[in-house]
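# Chain and residue survey
Spelled out from the first residue to the last, the chains are:
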Amino acid sequence: MRRIAARLPVAILAVLLVLAASVTRAETSVYAAASTTDAVNEIAAAFAAKKLGLIVPSYDSSSTLAKQIEHGAPAGVFLSADEQWMDYLEQKKLIAPGTRSDLLGNALVLIAPKASSAAAVQIGPGFPLAKMLGDGRLSVGDPAHVPAGIYAKAALDKLGLWDQVKDKLAAGQNVRAALNFVERGETPLGIVYATDAIASAKVWEVGIFPEDSHPPILYPVALVAGHETPEAHAFLEFLKGSEARAVFAKYGFRPVLTN
Amino acid sequence: MLTPLEIEAIRLSLEISGWAVLGGLPIAILLAWILARGRFVGRNLLDGIVHLPLVLPPVVVGYLLLVLLGRNGVIGAWLHDALGITLAFTFQGAAVASAVMALPLMVRAVRLSIESVDRGLEAAAATLGASRLSVFLTVTLPLSAPGLLAGAVLGFARSLGEFGATITFVSSIPGQTRTLPIAIYGLTQVPGGEAAAARLCAISIVLALAALLASEILARRLGRRLAGPHFA
Amino acid sequence: MFGRSGAGKSSIIAAIAGLVKPDSGRVILDGHPLFDSAHGMNLPPWRRRVGVVFQDARLFPHMSVRTNLLYGLRRHRSGPGGAKTLTLDTVVEPLGIGALLERRPATLSGGEKQRVAIGRAVLANPRLLMMDEPLASLDGERKAELLPLLERLSRTFAIPIVYVSHAVDEVLRLADRLVLIDAGKTIAAGTVEEVANRPDFAQIAARDGGPETFSVISATIGGHDEAAFQTRLDFAGGSLTVPRIAGGPGERVRLRIAASEVMLALAPPTGLSVRNAIAARVVALDDVRGLIDVTLDAGVPLRARITRAARAELQLAPGMSIYALIKSAALTAH
């Protein structure tokens, strides 16, 4: 009797582990760019409310997420903030063929802390960015690898302002980090997505970068190869559906002409 | 043989870690002394606070540093307005972040060393006319020198590897805060950057091993000097 | 301060030096209060100018002997003891530590360490020097080396010394005044003769081994007989002959005479090897566990121990005149 009692905890543990494994199999992991955090959370909740499945989202810079998928992270759906990182995975045959499409668009804006005394500007070539910065820094996602940072660099380049400000950048790990610096007033200005500016009550939009100053900001979405479960498929379709589109629009994302 | 990026990252890492230890060690010694010899209400609380950076996620520590010492932070605003000192996005801020993360390790090592000093010797010094501070400086501190060295090296090694708190507090700024870990991280995020990242990794390992070796040699020499020729 | 191990002697030293804070009471030195619980006064050790020589010397291992010696000197204040011009030379010569100056404590022998410790404590210019069983961790030879030094210490450096020990021979040799401590209390205090001749002194001393009853007599050296290898000691009751001891005429010694080594005779004997026959008067007779403790007055108090049968045979009674016979070889001189 005592021997059975001693083995009991182990048996219970084994049963729990099996149960846990079976539970995780019903979850779908979604890797999405940091800028889509609030929108995707809401859409995932709606998905679960309709009893279509359980979505577990992870948010970070698209570069970080792509690298994790490359190294075997168990993501079912990948929503990237730029084409580069989706191309990266597609070249490595890590994307389920035929499942890629452009889901969203976005705009690039210049923001300042709520309490800032900056004036609204019309952003065009040679606008007085350096003067507006003063001795402060410009928060951006790291232009070396964060999509928002890459777009920001492209825009500043096109407008002839990159040289002026390239030594005054505060490069964050992802666009939300850059947003945080501006929210806290650590930097007088920052470049983030329009959706980030809308999401935060502590910053306001000083100006919007003209669409032709940077490559179009497109968010491609796809299923990750080897993880094409029915739930993942269902969530992908849900993301393209009208309900999700409404949520995205609410958060400031631009629609993309359906391909 | 080394690219400018690599040289800069190495230089920054060594400088920032050096300053972190230089500035942090005296504070660690003071805290270790208070915790080792002090008897006061709240001693355990102080001990807990000192160990927070060890158990909190580094990013959280970085965020707390931002709240306290950022330009609009509780203390940072005063530092900026009254003393003109800015820590956010600066080399100095990176050193502060490293020092804070390394402090628990340094305090632990130094405290152990202080506690192993024979209190009978401290009593003898007191009867010879040495005040508490004098006893600390002339007897306790010299006799705990090996522990101080160990603490310094631990702190230096920890600073070399510091990433989370630094990037959250001061972000990645070339020439100011882009240390080895931050540079390695950046390279791993770029397609095709693995080779360069691997090189920097190897350099990091060499630096860490060199630091540990140096500390071993120094500690042994110090130990010999203290115990006389009979030291085995 | 004499008492057996654990009696509280070291605690008293710690309290006087300020290394330990008593729960209540007062410590007053030379009329100056060092500690007074009733008034919340507690002078820290570094301001008391009370030096301590510890049993384990406690030399600072990371400093040379010279730096150790100078440690207190650098901090000494010329206090109420008057301005003393102390230098290294003040202690180096008398303590014989000149050759050790550049050495490290770890390389010194036990006796050398203690000498340096004494020098270090003295150079801090204390008003009072306390020595906590300084010879306890030394072997017989080293002890014999240091005892003469300790005898002269107080006079050499003109400092009052509180010497703590549980070794009777040390105490009898070195002390001017004696305080008997037991279980944390002072049992007796006075001159050595007064305290050492008390029965409870012998009892306490006996717990470390040694005779259970003895007498302590102060004497001075009368003269030496080199041929016979003898020394004559003069005391209040006459003279005693002992085997040759060191010392010059006129020097003071203390004699310890075990009661069991004292024989009694009705008349001075002939044909016996015993050299000493002292005239005395019986003062009291006590039956102690089957043996008789005889208290005699021989100009100084003297005790003898005999059997009941012997007492009966001699018909001893208080007031009787008697002779106390003491073998020279049984006398221990300190």
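Residues numbered from 1 in each chain as written. Chains lettered and ligands numbered in written order. Predicted model: local features only at pLDDT ≥ 70, side-chain atom pairs only at ≥ 80, totals over all residues.

## Overview of the overall build of chain A
For the record, the criterion: Comment: elements are numbered from the N terminus, with helices defined as DSSP H or I runs of at least four residues and strands as E runs of at least two. Using C-beta atoms placed from the backbone, we call a residue buried if 20 or more other C-beta atoms fall within 10 Å of its own, exposed if 12 or fewer do, and partly exposed for counts in between. Once C-beta atoms have been placed from the backbone, residue pairs whose C-beta atoms lie within 7 Å are recorded as contacts.
When helices and strands are tallied, chain A shows eleven helices and eleven strands. Its C-alpha atoms put chain A at 80 × 45 × 35 Å along the principal axes. In chain A, which comprises 259 residues, the proportion classed as buried is 45%. Contacts spanning at least 24 positions in sequence make up 79% of the contacts within chain A whose residues lie at least 6 apart.

## Quick look at helix α6 (residues 140-157) of chain C
Residue and element names in this part refer to chain C. What counts is decided by this rule: To estimate the expected span of a helix, count its residues, drop one, and scale the result by 1.5 Å.
Compared with the 26 Å implied by 1.5 Å per residue over 18 residues, the 25 Å span of α6 between its first and last C-alpha is a close match. Inspection of α6 places Leu146, Leu150, Leu153 and Phe157 among the buried residues, and these make up the whole buried set. Remark: Ala158 follows α6 within two positions and exhibits a positive phi of approximately 55 degrees.

## Details of the interface of chain C and chain B
Where we set the bar: Polarity classes work like this: nonpolar for Ala, Val, Leu, Ile, Met, Phe, Trp, Tyr, Cys and Pro, charged for Asp, Glu, Lys and Arg, and polar for all others, with Gly in that last group.
Contacts between chain C and chain B engage 21 residues on the former and 18 residues on the latter. Of all elements in the fold, only α2 (45-48), β4 (50-53) and α3 (65-73) of chain C reach the threshold of two or more residues within the side of chain C that touches chain B. Examining the composition of the side of chain C that touches chain B, we find that three residues originate from one element, β4 of chain C, more than from any other. Partitioned by chemical class, the residues of the side of chain C that touches chain B number twelve nonpolar, five polar and four charged.

## Considerations on the sheet that holds strand β10 (residues 218-223) of chain A
All names here are of chain A. Rules: The rule for pairing is simple: two strands pair if DSSP sees at least two bridges between them. The convention used is that axes are lines fitted to C-alpha atoms, helices contributing only their stretch in contact, and that angles between N-to-C directions extend from 0 to 180 degrees.
Read across the open sheet, the six strands follow the order β2-β1-β3-β10-β4-β11; overall the sheet is mixed. Each having just a single partner strand, β2 (54-60) and β11 (254-255) make up the two edges of the open sheet. In the sheet, strand β4 (residues 101-105) pairs with β11 via two bridges, with the strands oriented antiparallel. Among the inter-strand pairings, Leu104 is bridged to a residue of β11, identified as Pro255. Helix-sheet contacts for helix α3 (residues 62-70) involve β1 (27-33), β2 and β3 (77-79), and the interaxial angle to β1 is about 140 degrees.

## Focus on the nonpolar core
Just so we agree on the cut-off: Buried Ala, Val, Leu, Ile, Met, Phe, Trp, Tyr and Cys residues form a nonpolar core when they are connected through C-beta atoms within 7 Å.
Formed by 230 residues in total, the largest nonpolar core has its most connected members in Val77, Phe78, Ile111 and Val192 of chain A, Met106 of chain B together with Leu255 and Ala324 of chain C. In terms of residue count, helix α5 (residues 91-115) of chain B provides more of this core than any other element does, 15 residues in total.

## Quick word on the domain arrangement of chain C
All names here are of chain C. Stated formally: Note that domain bounds follow an automatic or database assignment of domains.
Taken as a whole, chain C is organised into domain 1 (9-206) and domain 2 (214-333). Domain 1 and domain 2 are separated by 35 Å when their C-alpha centres are compared. Counting from both sides, the interface comprises seven residues of domain 1 and, opposite them, seven residues of domain 2. Contributions of two or more residues to the side of domain 1 that touches domain 2 are made by α7 (168-174) and α8 (192-196). In terms of residue count, α8 provides more of the side of domain 1 that touches domain 2 than any other element does, three residues in total. Grouping the constituent residues of the side of domain 1 that touches domain 2 by class yields four nonpolar, one polar and two charged.

## Here we look at the interface of chain A and chain B
Residue-level contacts link 15 residues of chain A with 15 residues of chain B. Those elements that provide at least two residues to the side of chain A that touches chain B are α3 and β7 (169-172) of chain A. Residues of the side of chain A that touches chain B, tallied by class, amount to four nonpolar, six polar and five charged.

## Overview of the domain arrangement of chain A
Residues and elements named next belong to chain A. In terms of domains, chain A is made up of domain 1 (26-105 + 218-255) and domain 2 (108-213). Just the C-alpha atoms count here: the centres of domain 1 and domain 2 sit 26 Å apart. The partner domain 2 presents 16 residues to the 13 residues of domain 1 that form the contact. Considered class by class, the residues forming the side of domain 1 that touches domain 2 number five nonpolar, five polar and three charged.

## Remarks on the pairing of strand β17 (residues 321-326) of chain C
Residue and element names in this part refer to chain C. Because side chains alternate across β17, one face comprises the buried residues Ile322, Ala324 and Ile326, and the other comprises Ser321, Tyr323 and Leu325, none of which is buried. When strand β13 (residues 262-265) meets β17, the two strands line up antiparallel, connected through four bridges. From the neighbouring strand, Val262 faces β17, where its bridge partner is Ile326. In this structure, strand β14 (residues 276-288) lies alongside β17, joined through six bridges in antiparallel fashion. Residue Ala280 lies in a different strand from β17, and its bridge partner there is Ile322.

## Section: α3 of chain C
Owing to its 3.6 residues per turn, the α-helix brings residues three or four apart onto one side. Among the residues of α3 of chain C, Val65, Asn68, Leu69, Tyr71, Gly72 and Leu73 of chain C are the ones counted as buried. On its buried face, α3 of chain C is in contact with α4 (88-95) and α5 (110-123) of chain C.

## With respect to the sheet that holds strand β2 (residues 32-36) of chain C
Residue and element names in this part refer to chain C. Strand order in the open sheet formed by three strands is β1-β2-β3, and the pairing between neighbours is antiparallel. Across the chains shown, the open sheet's two edge strands, defined by having one partner strand only, are β1 (26-29) and β3 (41-42). Direction of pairing for β1 relative to β2: antiparallel, over a ladder of four bridges. Within the sheet, the bridge partner assigned to Arg26 lies in β2 and is Asp36.

## Here we look at unusual backbone geometry
Although it is not a glycine, Ser171 of chain B adopts a positive phi angle of roughly 55 degrees. Among the secondary structure elements, Ser171 of chain B is positioned in the loop between α9 (164-170) and α10 (180-189). Given 30 C-beta atoms within a 10 Å radius, Ser171 of chain B is considered buried. Within the chain, Phe229 of chain C stands out as a residue other than glycine whose phi angle is a positive 55 degrees. Locating Phe229 of chain C in the fold gives a position in the loop between β9 (214-225) and β10 (230-235).

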